[in-house]
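Tertiary structure, described
Residues per chain are reported as follows:
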Amino acid sequence: MAEKFEFREVFNKKTIEYSALQILSVYPAFQEQAFIDSALDDFQVLSFGDRNEKITQALIQHLPSNFETSANILISALGPEIEGEELEGYDGFYTMPFLNYIKHLGLSNLELSQRAMLEMTKRFTAEFAIREFLHKEEENTLEFLYKCTQDENCHVRRLASEGSRPRLPLGSRLHNFIKEPQKVLRLLDALRNEPTRLVQRSIANNLNDIGKDNPDAVIEFLSAWKK
């Protein structure tokens, strides 16, 4: 009988080795094996979230302490963008610890962090990392997400909708958006002519989130769209 796949296995030795090689290709001073050994220490017993954090901490340990230098290394180390309009497979999960690195250390450099998340969401999704910035730097981050609504890449546009969901599953709750849904509805209104099913589904999920706390706001919003 085939062994049952556990979701935490999307982070594995192969994932870590791939990340190490990608970084080494753009940063020759990278201590590749030390990073791999650090990330894999007691790795097998860890949960999905703990594996993500373990790899992130290994990145913090083995990349330069200067955030600007390290963030640019991670951007340069990214693999190819998602080719289609759907999120499929597990290959992009190697990017998740990169995003976690930006979430942990990037609040001191918003412009670079936003550039990093924009590039990384083209390979995976920055919907979880962006929430730390919405908590700590809401106004600036909302303006960044508004710009994302105008991007030609559908995965960047999806970030504007999915990253701003007040009740994103597995993500931290955005209480300010629950209190003031208009902040999110402004983003969704900018996506009213969205052509892709990927982003359309995200808009619908966001409206469903908002409707749990502010049903009248959603009815008013959709009534205006219907007109």
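What comes next is a walk through the structure. Remember, predicted model here, so these are calculated numbers, not experimental data.

1. Notes on unusual backbone geometry
With a phi close to 60 degrees, Asp42 is a non-glycine residue in the positive phi region. Tracing the sequence through the fold places Asp42 in the loop between α2 (32–40) and α3 (48–62). Classification of Asp42 as exposed rests on a relative accessible area of 56%. In this structure, Leu170 takes a positive phi of about 70 degrees despite not being glycine. Judged by its relative accessible area of 87%, Leu170 is exposed.

2. A few points about helix α7 (residues 129–136)
Every α-helix winds through 3.6 residues per turn, so residues three or four apart in the chain are directed the same way. Within α7, burial applies to Ala129, Ile130, Arg131, Phe133 and Leu134. Summarising the contacts, the buried residues of α7 are in contact with α5 (95–105), α6 (110–120), α8 (138–148), α9 (154–162) and α10 (175–179).

3. What to know about the packing of helix α1 (residues 13–26) against α2
Here α1 crosses α2 at 150 degrees, and the two axes come no closer than 10 Å. One finds that α1 runs roughly antiparallel with respect to α2. Here α1 runs over α2; the crossing is right-handed. Across the interface between the two elements, Lys13, Ile16, Glu17, Ala20, Leu21 and Leu24 from α1 touch Glu32, Phe35, Ile36, Ala39 and Leu40 from α2. Taken together, the residues of the contact of α1 with α2 sort by class into eight nonpolar, no polar and three charged.

4. A look at α2
Three or more residues of α2 are buried, namely Phe35, Ile36, Ser38 and Ala39. Looking straight down α2, one finds that the buried residues subtend no more than 165 degrees of arc, so they occupy a single side. Summarising the contacts, the buried residues of α2 are in contact with α1 and α3. Just downstream of α2, Asp42 is the residue with a positive phi angle, here 60 degrees.

5. Focus on the state of the cysteines
Two cysteines form a disulfide when their sulfur atoms are joined by a covalent bond. According to the stated counting rule, one finds zero disulfides in the structure shown. Lacking any disulfide linkage, Cys148 is separated from the closest cysteine sulfur, that of Cys154, by 13 Å. Relative accessible area serves as the criterion here: at 3%, Cys148 is assigned to the buried category. A relative accessible area of 7% means that Cys154 is categorised as buried.

Basis of the calculations
- Here, residues in each chain are numbered from 1, in the same order as that chain's written sequence.
- pLDDT decides what is reported in this predicted model: residues at 70 or higher carry local features, side-chain atom pairs at 80 or more are listed and counted, and totals for whole chains, interfaces and linings draw on all residues regardless.
- Note that the side-chain values use all heavy atoms of the structure and ignore hydrogens as well as water.
- The way it works is that DSSP assigns letters per residue, a run of H or I at least four long becomes a helix, a run of E at least two long becomes a strand, and they are numbered from the N terminus.
- For each residue, the accessible area found with a 1.4 Å probe, counting protein chains only, is set against the maximum for its type, and the residue is called buried under 20%, exposed over 50%, and partly exposed in between.
- By definition in these notes, contact holds between two residues if any of their heavy atoms fall within 4.5 Å.
- Here, axes are lines fitted to C-alpha atoms. For helices the fit covers the stretch in contact, and angles between N-to-C directions go from 0 to 180 degrees.
- By definition in this entry, angles of less than 35 degrees are roughly parallel, angles greater than 145 are roughly antiparallel, angles of 65 to 115 are roughly perpendicular, and the rest are oblique.
- By the definition used in this description, the sense in which the near helix is turned from the far one sets the handedness, with an anticlockwise turn below a right angle giving left-handed and a clockwise turn giving right-handed.
- Classification convention: Asp, Glu, Lys, Arg as charged; Ala, Val, Leu, Ile, Met, Phe, Trp, Tyr, Cys, Pro as nonpolar; all other residues, Gly among them, as polar.
- This arc is taken over the directions from the axis of the helix to the C-beta atoms.
- Cysteine sulfur pairs qualify as disulfides if the two atoms are within 2.5 Å.

All quantities given are derived from atomic positions and should not be read as evidence of function.
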